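# Reading the structure
For reference, the chains in residue letters:
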Amino acid sequence: MDPVAVFKTLWRYKIFVLPVLLLTAVAAVYMFSYAPRTYEARTTYAIVNPKTPTSEDIEKDPSLGLLNTDNPYLRSADTSLVAQVAVTRLNDVATGDFLASRGLSTDYKVERPSDAFLIDISGISDDKEQAIATAKALGERLEQDLRTIQTINGASDRYLFTALAVAPPDKATEQFSSRLRSVIVVVVAGIVLTLGTVSLARAVEASRTRNNSNGEPRNRTRRQSKPLVPGPVPPAPEEAAALAHLETLVASDARPRSEARRQTAPKDPLKTANTR
């Protein structure tokens, strides 16, 4: 597609294109300035290994040897398994129901970065306070789920992984991507409307051209079918009156002459002899 040709086509139909472009620009500015904004509050938790009592600790305090050590995640070869399970539980549908029951936003993200024992939690809402409250509620949910999955066999707290808040959700920041998405949608809609307007204008122009091309030959044939020999030009009213007067005088002069000729004409002797 040649950009110059596109520009020439748009400029050719500028009467239709300019209003659409102006409307698109106004809508884009309005969406960027007054569209609903989205805020995100983030927090990060670190999964801390349990401090299991050593043999020396048990010798000093024999009651430590009576604690339940049956934590299934301590027996796993992958120490990050507990973090993976916690993230999976937070991304479950039940977490969304939990947030909705507390009047919080159900738009959130739970991710585990490259570090195996870190969990990133984000609460997203169109209100700053609600975004912060959502992130805090998710952090509490993480601590509860982490304890639940480890105490399935009644393990003691000394043998449990714990969640430690590294970056609490103290503030929410605006997500400009939400407004940019709205602006992009408006711009794309404006481009589509512009192309549709140009197509409609071209169709109307083609229809008019076709109608004109169909009508011109008929007019030409009609003109050519007419005779080109000029006819007599009618006289003007004054000239017609003068001609009529002359014709009257000529007729009046012609009558006496014909009568006089009849009276003065010589008689035929043969006719007179026959009559005798």
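Residue positions within a chain follow its written sequence, with the count starting from 1. Thresholds applied to this predicted model are a pLDDT of at least 70 for local features of residues and 80 or more for the giving and counting of side-chain atom pairs; totals over whole chains, interfaces and linings are not thresholded and use all residues. Where side-chain values are given, they derive from all heavy atoms of the structure, hydrogens and water being excluded.

Strands here mean DSSP runs of E at least two residues long; helices mean DSSP runs of H or I at least four residues long; both are numbered from the N terminus. For the protein, the count of helices and strands is nine helices and five strands. Overall, the protein shows an N-to-C arrangement of helices and strands of α-α-β-α-α-α-β-β-α-β-β-α-α-α. Two residues qualify as a contact provided that any one of their heavy atoms is within 4.5 Å of a heavy atom in the partner residue. Across the protein, contacts joining residues at least 24 apart in sequence account for 77% of those joining residues at least 6 apart. As presented, the protein carries roughly 19,700 Å² of accessible surface, and 58% of it is formed by carbon and sulfur atoms. Each accessible area value is a Shrake-Rupley result obtained with a 1.4 Å probe; residue values ignore everything except the protein chains displayed when judging cover.

Here the focus is the environment of Gly154. Take Gly154: it is sitting in the loop between α6 (128-150) and β4 (162-167). Note on classification: 1.4 Å probe, protein chains only; a residue is buried when its accessible area is under 20% of the maximum for its type, exposed when over 50%, partly exposed between these limits. Among the residues examined, Gly154 registers a relative accessible area of 41% and is labelled partly exposed. Sequence-wise, Gly154 and Leu67 are 87 residues apart; in three dimensions their C-alpha atoms are separated by 9.8 Å.

Salt bridges, as used here, are contacts in which a Lys or Arg side-chain nitrogen is within 4 Å of a carboxyl oxygen on Asp or Glu. All told, the structure shown has nine salt bridges when counted by the stated rule. As a salt-bridge pair, Glu140 and Arg102 come within 3.7 Å of each other at their nearest N and O atoms. With Glu140 in helix α6 and Arg102 in the loop between α5 (93-101) and β2 (107-111), the pair connects residues that are 38 residues apart, well separated along the chain. Accessibility expressed as a relative area gives 44% for Arg102, which makes it partly exposed. Salt bridges here are not isolated pairs; linked through shared partners, they connect Arg89, Arg141 and Asp145.

With 77% of its residues at a pLDDT of 70 or more, the protein has an overall mean of 80. A low-confidence stretch, residues 269-276 (pLDDT under 50), is modelled with one contact involving residues beyond four sequence positions or located in other chains. On a range of 0 to 100, pLDDT expresses the predictor's confidence in each residue.

Turning to helix α4 (residues 81-90), a few remarks are in order. Along an α-helix, residues three or four positions apart point the same way, because every turn accommodates 3.6 residues. For α4, the full list of buried residues reads Val82, Ala83, Ala86, Val87 and Leu90. Buried residues of α4 fall within an arc of 135° about the axis and therefore sit on the same side. Packing partners of the buried residues in α4 comprise β1 (39-48), α5, β2, β3 (118-125) and α6. Arc definition: it is the arc formed by the directions from the helix axis to the C-beta atoms.

Bringing the packing of α5 against α6 into the picture now. Between N-to-C directions, angles span 0 to 180 degrees; the directions come from axes that are lines fitted to C-alpha atoms, helices contributing only their stretch in contact. Packing of α5 against α6 leaves a shortest axis separation of 11 Å and a crossing angle of 130°. Put simply, α5 runs oblique to α6. Classified by chirality, the crossing of α6 by α5 is right-handed. Contacts from Ala94, Thr95, Phe98 and Leu99 of α5 reach α6 at Thr134, Ala137, Leu138 and Arg141. Just so you know how the angles are binned, under 35 degrees is roughly parallel, over 145 roughly antiparallel, 65 to 115 roughly perpendicular, and the rest oblique. Crossings are classed by handedness, with left-handed meaning an anticlockwise turn of the near helix from the far one by less than a right angle and right-handed meaning a clockwise turn.

Glancing now at the side chain of Ser156. Inspection of the secondary structure assignment puts Ser156 in the loop between α6 and β4. You can call Ser156 buried: its relative accessible area is 17%. If near-sequence neighbours (up to four positions away) are discounted, Ser156 is found in contact with Leu67 and Asn68.

Looking now at the packing of aromatic side chains. Pairing of aromatic rings covers Phe, Tyr and Trp, the last counted by its six-membered ring, and requires centre-to-centre distances within 6.5 Å; plane angles under 30 degrees mean stacked, over 60 mean edge-to-face, and any other angle means tilted. Counted according to the given criterion, the structure contains zero aromatic pairs. Here the guanidinium or amino end of Lys14 rests over the ring plane of Trp11, the centre of that ring lying 4.8 Å away. Residue placement shows Arg141 over the ring face of Phe98; its charged tip is 4.8 Å from the ring centre. Comment: the charge-over-ring label is applied if NZ (Lys) or CZ (Arg) is within 6 Å of the ring centre and within 35 degrees of the ring normal.

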